[in-house]
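Structural description and commentary
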Amino acid sequence: YERKKIVVLGAGYAGLATVVRLQKELGFQDADITLINKNEYHYEATWLHETAAGSINWEDGVYPIAKAVDNMKTKFIVAEVTKINKDAQTVETTQGEFEFDYLVVALGFESETFGITGMEEYAQAMTNPTNALEARQSIEANFKNYLTSGDENDLSIVVGGAGFTGIEYLGELVETLPELCAQLGIDYNKVKITCVEAMPSMLPMFPKELVDYAQKFLEDRGVTFMLGTAITAANDKGFMVKVDEKEQQLYANNRIWTAGVRGSRLMEESFDGVKRGRIVVNSDLSVDGYDNIFVIGDVAAVMNGEGPDARPYPTTAQIAMQLGDHLARNIKRKLNGDKLEPFVFDDKGTVCSLGSKDGIGMVFGKPIKGKSAAIMKKVIDTRAVFILGGPILAYSKGKLL
Ligand code: NAD
């Protein structure tokens, strides 16, 4: 009798949820689990906008993966995955090669600039704790610089994209920047925050009433929206934007890009038919042609049905954790020789925070806004830590106390 080798790539919401559930479902003798992740810590990807705005510290949004790992069942390796050999059933990493019987690919997301000129060089993304912290530090440095330069562009911030990330980031900024200004002795009224969004309206998944509420909340606190305006380039002065077919320069020394994400670039190198780092998976979360390779989280396009009208689910932490949980149960079924179950998403709703005290959301199909949305968001954030990290971490890292 040989223990099957299960290798999990990535310890984000999807990968860690898989391991945590596998540890609960499988006995020590059932399988040999290996979790491989680039960093020794798991980060709360849904809190990055808070790090980026300085509402929380870098270390508040991360915890050691070791805390979620049961050493009896799982070997945790800190390494970067460099290659997946599907047929040879091996994974190459910076810490050597690993064999697998079952592979779970959960490599997560990165920034996508769509090839926009200068965007990578001149704008800051917030796709991991490192670049989120850099975003915060560069704003602080520019605001400090203003004290000697008097250059108003040092106090000008442009945010590209009014998706969830952009809006949640703006919500934090209007809370933290007045504090930063007070510390530095800068008049907050001199700060200019502009959000540029290509679509004529933002957050299309929410009813208009909620979107209007969020927009007014941010405008009342100094944000200017340029809707229906595409960013066409970034440079050392700011963003180039297209207004009425004419290119125009927006001036800002603080340039933030929250207008695009994609799955890991390793996906294109490893699989066929990958678009923006995402591969369409079967309903049991395996990839076509390989019943022992599963892809979940932001690198997977999980369809909401079958046929030509089927659409991929959005890539969110909620769905990633459900995917990991479901997949672990399917792997157990597989080890037992049972039939795999199709994944069904249980949508509990979505909340878009507006700083720590406000927000909008649709929860169990009902619209919420204001303080109740803010509280719901803290429940969601704490629940994620609880599910993956357990009660002790939920107590120390959670947001309910
Ligand atoms: P997104 O892709 O959802 O939004 C990007 C926005 O940028 C879009 O509105 C798009 O129209 C705009 N955009 C793109 N190119 C542009 C350009 N050149 N000029 C101007 N605007 C441009 O990205 P996101 O907000 O980072 O979200 C990524 C995923 O994560 C989504 O699935 C989202 O649902 C999820 N998410 C959810 C939450 C939450 O539930 N609270 C929070 C953050 C992210």
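Please read these numbers as outputs of a predicted model, since none were measured by experiment.

This paragraph deals with the overall build of the protein chain. Of the regular secondary structure elements, the protein chain holds ten helices and 26 strands. Taking 2.2 N^0.38 as the reference for a compact globule, 401 residues should give roughly 21 Å; the C-alpha atoms of the protein chain span a radius of gyration of 22 Å, in line with that estimate. Judged by the C-alpha coordinates and their principal axes, the protein chain covers about 75 × 45 × 45 Å. Each of the 401 residues in the protein chain was classed as buried or not, and the buried ones make up 46%.

Contacts to the ligand come from 25 residues, most closely from Gly161, Gly163, Phe164, Thr165 and Ala259. Residue assignment for the shell around the ligand shows that the elements contributing at least two residues are helix H5 (164-184), strand E15 (230-235) and strand E24 (349-353). Ranked by residues supplied to the shell around the ligand, first place goes to H5 with four residues. Split into classes, the residues belonging to the shell around the ligand amount to twelve nonpolar, eleven polar and two charged.

What follows concerns the sheet that holds strand E9 (residues 102-105). The strand order E5-E2-E1-E9-E22-E21 describes an open sheet built from six strands, whose pairing is mixed. A single partner strand is all that each edge strand has here, and the edge strands are strand E5 (74-78) and strand E21 (286-287). Across five bridges, the pairing between strand E2 (residues 31-37) and E5 is parallel. Bridge pairing in E5 links Leu35 to Phe76. Its contacts with the sheet place helix H1 (residues 13-25) against strand E1 (4-9), E2, E5 and E9, and it is angled at close to 150° to E1.

If you look at the biggest cluster of nonpolar residues, it comprises 119 residues, and the most contacted ones within it are Leu9, Val105, Leu170, Ile279, Val295 and Ile296. Structurally, this core is a two-domain feature, drawing no fewer than three residues from each of domain 1 (4-111 + 262-347) and domain 2 (119-259). Beyond its immediate stretch of four places on either side in the chain, Ile296 contacts Ala14, Val104, Ala106, Leu285, Ala320, Leu323, Gly324 and Leu327.

Another aspect to go through is the packing of H1 against helix H9 (residues 371-389). Two numbers describe how H1 lies on H9: the axes approach to 9 Å, and their chain directions differ by 45°. With respect to H9, the axis of H1 lies oblique. Judged by residue contacts, Tyr13, Leu16, Ala17 and Val20 of H1 engage Ala384, Ile387 and Leu388 from H9. By residue class, the composition of the contact of H1 with H9 is seven nonpolar, no polar and no charged.

Our focus in this paragraph is the environment of Val211. Summarising the element assignment, Val211 is placed in helix H6 (residues 208-220). Taking the number of C-beta atoms within 10 Å as the measure of exposure, Val211 has 19 and is therefore partly exposed. When the C-alpha atoms of Val211 and Leu327 are compared, they prove to be 35 Å apart, with 116 residues separating the residues in sequence. The residues touching Val211, leaving out its near neighbours within four places in the chain, are Ser201, Met202, Leu203 and Phe206.

Cut-off values and rules
Residues numbered from 1 in each chain as written. Predicted model: local features only at pLDDT ≥ 70, side-chain atom pairs only at ≥ 80, totals over all residues. Helix = DSSP H or I, 4+ residues; strand = E, 2+ residues; numbered from the N terminus. Rg over C-alpha atoms; globule rule 2.2 N^0.38 Å. Buried ≥ 20, exposed ≤ 12 C-beta atoms within 10 Å, placed from the backbone. Near = placed C-beta within 6 Å. Nonpolar A, V, L, I, M, F, W, Y, C, P; charged D, E, K, R; others polar. Pairing = 2+ DSSP bridges. Contact = placed C-beta atoms within 7 Å. Axes fitted to C-alpha atoms, helices over the stretch in contact; angles between N-to-C directions. Core = buried A, V, L, I, M, F, W, Y, C linked by C-beta atoms within 7 Å. Domains from an automatic or database assignment. Parallel < 35°, antiparallel > 145°, perpendicular 65-115°, else oblique.

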